[in-house]
Amino acid sequence: MDCHQRRGRIPRLPEGKKFPAQPQYALCRCGQSANKPFCDGTHTKVQFDGTETASHQPYLKQAETIEGPTMLLTDQENLCAFARFCDPKGRIWNLVKQTDNPEARRLVEHEAGHCPPGG
């Protein structure tokens, strides 16, 4: 099977949609499933090549660290999903440098927490 097997909790999904608890999930990796975020076997019909190409180097060795007064932000651009959750209130990379301000700190926590690969 060329699905992404995952045990336990399901990753963050769109609000409002409920999924029953299961001991194991098969998540779609090809992007073509009619039952997203779950695998329906479509990858076999679309000749999906699921060869892993990600680095096996530890995250912190790949990430840039941006230091703020009260927080550190690690950023690994290769993992970016370009969902732009990091941009709406002043770009997280700028905000982290202002984290001695409670509102900026709150925004950094919010934006980082909504980042698909980093949240």
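Residues numbered from 1 in each chain as written. Predicted model: local features only at pLDDT ≥ 70, side-chain atom pairs only at ≥ 80, totals over all residues. Heavy atoms only, no water.

K.L.:
Any chance you could explain unusual backbone geometry here in plain terms?
P.N.:
What you tend to see is this: most non-glycine residues have negative phi, and most peptide bonds are trans. Omega for the peptide link from Lys-36 to Pro-37 comes to 10 degrees, which places this bond in the cis form. Phi at Gln-47 is positive, roughly 55 degrees, even though this residue is not glycine. In this structure, Gln-47 sits in the loop between strand E2 (24–27) and helix H1 (59–62). (Helix = DSSP H or I, 4+ residues; strand = E, 2+ residues; numbered from the N terminus.)

K.L.:
I keep staring at a nonpolar patch on the surface and nothing clicks. Help me out?
P.N.:
On the surface, a nonpolar cluster with roughly 310 Å² of combined accessible area is contributed by Tyr-59, Leu-60 and Leu-79. Within the secondary structure, Leu-60 sits in helix H1. (Patch = residues over 30% accessible without salt bridge, like charges linked within 9 Å, V, L, I, M, F, W, Y side chains within 5 Å. Areas by Shrake-Rupley, 256 points an atom, 1.4 Å probe, with all protein chains shown as cover. Salt bridge = Lys/Arg side-chain N within 4 Å of Asp/Glu carboxyl O.)

K.L.:
How should I be thinking about the packing of aromatic side chains in this particular structure?
P.N.:
Pairs of aromatic rings are described using the distance from one ring centre to the other and the angle between the two planes. Per the counting criterion, the structure on display carries one aromatic pair. Both rings, one in Tyr-25 and one in Phe-38, keep their centres 5.8 Å apart while their planes meet at 20 degrees; by these two values the pair is stacked. Taken together, the positions of Tyr-25 in strand E2 and Phe-38 in the loop between E2 and H1 put the pair 13 residues apart, joining distant regions of the chain. With relative accessibility at 14%, the residue Phe-38 sits in the buried group. (Phe/Tyr/Trp six-rings, centres within 6.5 Å; stacked < 30°, edge-to-face > 60°. Buried < 20%, exposed > 50% of the residue type's maximum accessible area, 1.4 Å probe, protein only.)

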